[in-house]
Structures are given as C-alpha cells and as structure tokens.
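Breakdown of the fold
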Amino acid sequence: MASLTKSHVRIPKILSFNNKPAIVVGNENIQIVILTGGGHIAAVYNSDLPDINPLWEPEWETTTPAMRRIVARDFSQSEEDRLESELLACIGGHNLCCDVFGAHSTGEVSSGASFHGEAGLTTWEVTDINEKIGSITMKAYLPRTQMTVERSYFPNLANLPRIDVVERITNLLSIERAFGRSQHVTLGKKMLEQRSGQCRFDCNGDNGLTWPEVADKSSTFKCNEPFEYPNIPSNVNDFCDWRMYPRTDVNSDLCTLRVNPKDEHGWFTCAKDIATPAGSGNDSSCQNKSLLLVYKWERKVFPWLMSWEENFARQVKPWSGRTLTRGLEFGSYAMALGRRWNVQQNKLFDTLCYEWIDANEMKETTFTIGMKVCHDVNEEKIFKDTILAHGVRSGQ
C-alpha cells in the first residue's frame, strides 16, 4: 500500500454545483463532482488547470430530478421530445443509462418510463464515507426497473490524477432478463471549441456502424454503413476522421464502434491543446500544453463505444442551436435504439449487442477516470499507458 500522507486525502465534501446539491471526491491532483440528483458525474478537475471542466454543462438552467417537470415545461413537448426534455432538465456530464439506452416501447412510455432509464432521474443516497482513503459510496433504487445501482469512488492514494469507480448493479427480480446500460460521457464546449486550441481524440475501436437512418438534415455520416476505425463514410468527403471533432460548422451525427476484442480494456482519450498566452515570454508555466482526459473500462462488460455529435444543429428548445457536445458512450448496448432493437440485432461484428442479468444477480465492474496536464505528445502517451497498465484501485 502506498504511504498515506494527509495532503493526499481529500475528505468528500458537499457543495452546490450549478445550484444543485453535489459531492466532490478526489486527491490533490484530480477531483470529480457528483450530483446526488441523477448520480451524474458533472465535472472533472485537474489542479493544474482548475478552470477547465471537460464534461458538458448544459447551456440552459437545470434542476434536480424532483423538479424536472417544472423546468421541462419550457422545452419541446412534442411526442418525440417529451421524455428527453425531462432528462435534459437535470442532466450533466457523465450520465448512466440503465436499463434502457434510447427508444422505449409504447407500453413503457405509457407506464411512465424515463428517457435513457431511471438511473439519471432518481436521487442517489450516500451510503458510506471512508475518510481515511477519501472514498464514497452512493446508491440508487430504480423502482420501475426493479434494480439497484451502487457506485464507489476511490481516489488514487499515490496521488496520481486518477479515480477508480466500482459500479454494482443488482436485479431485484427472481427472473433472468436481457438488459443493457451505457456510461454516457458527454464532453462540453470548454473542451471542444477550437478558438482556445484543437481537440484530439483516440480509442481502441476497430469496426463500426453509422446510424441506420438520417439523424438530422445536417448529418455528415452516410447511413447504416459499416466502416473500419477511424474512417467514417461521409456525405461531405469520402471519409471523415473519428479522431477529429468538430470537423465542420454544424452537424448532428451518430455511430458505434466495437472495442477491439483483442484488448482487455476499452479506452478513449481526449486531448485539448492549450495555446500559449500572448506575451507570456519564456515563462515555463505558460508554454504550450494539453489537458488529457482518459477513460478506461472492462471490455468484457462494455464492448461498445457509441459516438453522439451535437454541433449547433438541433433547433428545438432547449438546444436552440447553441450546443457543442460530443458523447462518448461505452456500454453493453451497441446502439442507442432501445432494448428491442439491440436484442433483435443479437450480434454485430460477432459481438453481443446487450447483456444478461440472472435472477437476483449482482454484477460488478470498474472504470477509471484520469486527467493530466501534459507538455508534449510523449507525455500524453506515457500517461495514457500508465492508466491502461495499472490494475483496479492501484496504489490503494
């Protein structure tokens, strides 16, 4: 076990984040903010660049799940948008979609289903705090889904800028069933806008498929086209590069990637170039650098990485043509098309499009969030390789 110094431990604390109750967890180099309403990981901060949260903070006012319908009244209430509007009234950053990802059946909608499932629209209770190691556990009960979801957050005790998240999901029914989930990580404008520096992406996907129908009039991807990473079939050019975004002034696009089955872990990286401020001279603290965000997860649990791109395209409220985001959504569902589509698809590229959970079974998995300020691409590679090489809760 790494030596534990007082400076390495940050006891989880309560705060208000965009006027919503939240908890901050971390060590002296990395901190994450978790909303009690919806369990969203709303922010990730590195102590060397504390002003940049790479995760999406919606441009509109958001609230807690309990009051979402009040805020959602001002959003689109069309049949297509109504359920999504409720989620958009309280969403932020990294949202857990469980056990639905995308479309619901007619009966589910009639019975009061929540867009992308209940997890992002319920209150998460703090069930354990370990002040010695700075960890916290939060739990949500999903009454319609008849599941519980629990997450434990473990900051790295060796003071590396990484946090391990252990997620446990339990089936409360006495029957086996097909289900799925997605870790819907959405990056925001502070990370993506190009005036302050380019944004570069990478992942270990191999084969992909574009959305089966036209997502929007601004879509640039061809429909229902298989491809090999990183070249996505495009209506603008022959191909566009998955690793670059944004690529155009306006677009709305979706695709999915299979995580390379040869790898034990799935991963993606997002590097934001931070330009040298004018007049900084030879001040080494102001030289060109990048903010590198790394996510790592167990490939056997989450074999898919979906991409959702919203680049000032959607005009209905609350979007109103003002949002720049990119969702990088690793999960067990191949596409955000709902349970029926994924189960009927069964397999894509010889990989199951959903998962099973047995009667009263508890399933546990771990993913890792790391973020570091780097001074060249070699340092980026070293940090990424360090995250991928370390086991679960390294240094604890």
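Now for a description of the structure that goes with this document. Model, not experiment: these values are computed from the prediction.

Secondary-structure assignment places threonine 368 in strand β24 (residues 362-374). There is a polar contact of 2.6 Å between the side chain of threonine 368 and the side chain of aspartate 164. Contact partners of threonine 368, with chain neighbours within four places excluded, come to Arg162, Ile163, Asp164, Val294, Tyr295, Lys296 and Ile387.

Within this structure, the stated rule accounts for 21 salt bridges. Linking arginine 339 and aspartate 99 is a salt bridge whose minimum nitrogen-to-oxygen distance equals 2.7 Å. Of this pair, arginine 339 sits in helix α5 (residues 338-345) while aspartate 99 sits in strand β5 (residues 94-99), placing them 240 residues apart in sequence. Where aspartate 241 meets arginine 243, a salt bridge forms, and the shortest distance between an N and an O atom there is 3.0 Å. Counted as one network, the salt bridges with shared partners bring together Arg151, Glu167, Arg181, Glu355 and Lys363.

Once that is clear, we can look at the packing of aromatic side chains. If you walk through the whole model with that rule in mind, you get 16 aromatic pairs. Taken together, a centroid distance of 6.2 Å and an interplanar angle of 70 degrees make the contact between tryptophan 60 and phenylalanine 75 edge-to-face. Here tryptophan 60, found in the loop between β4 (41-46) and α1 (68-72), pairs with phenylalanine 75, found in the loop between α1 and α2 (82-88); they are 15 residues apart in sequence, far enough to count as distant. In this pair, the class of tryptophan 60 matches that of phenylalanine 75, namely buried. On the numbers, 5.9 Å between centres and 70 degrees between planes, the contact of phenylalanine 330 with phenylalanine 367 is edge-to-face. Of this pair, phenylalanine 330 sits in strand β20 (residues 324-331) while phenylalanine 367 sits in strand β24, placing them 37 residues apart in sequence. In terms of burial, phenylalanine 330 and phenylalanine 367 fall into one category: buried. An aromatic cluster is defined as three or more aromatic residues linked by ring pairs; in this entry it consists of Phe268, Tyr295, Trp297, Phe302, Phe330 and Phe367. One residue, arginine 326, lies across the ring of tryptophan 242, its end atom 4.4 Å from the ring centre. The aromatic ring of tryptophan 267 is capped on one face by lysine 384, whose charged end is 4.2 Å from the ring centroid.

Okay, the pairing of β4 next. Burial analysis of β4 places 5 of its 6 residues in the buried class, the great majority of the element. For strand β3 (residues 30-35) and β4, the ladder comprises 5 bridges, and the chain directions are antiparallel. Paired with glutamine 31 across the strands is tyrosine 45, a residue of β4. What sits between the antiparallel neighbours β3 and β4 is a turn of 5 residues, in which glycine 38 has the positive phi angle 95 degrees.

Conventions and cut-offs
Residues numbered from 1 in each chain as written. Predicted model: local features only at pLDDT ≥ 70, side-chain atom pairs only at ≥ 80, totals over all residues. Heavy atoms only, no water. Helix = DSSP H or I, 4+ residues; strand = E, 2+ residues; numbered from the N terminus. Polar contact = N/O pair within 3.5 Å; in protein donor to acceptor, adjacent residues only side chain to side chain. Contact = heavy atoms within 4.5 Å. Salt bridge = Lys/Arg side-chain N within 4 Å of Asp/Glu carboxyl O. Phe/Tyr/Trp six-rings, centres within 6.5 Å; stacked < 30°, edge-to-face > 60°. Buried < 20%, exposed > 50% of the residue type's maximum accessible area, 1.4 Å probe, protein only. Lys NZ or Arg CZ within 6 Å of the ring centre and 35° of its normal. Pairing = 2+ DSSP bridges.

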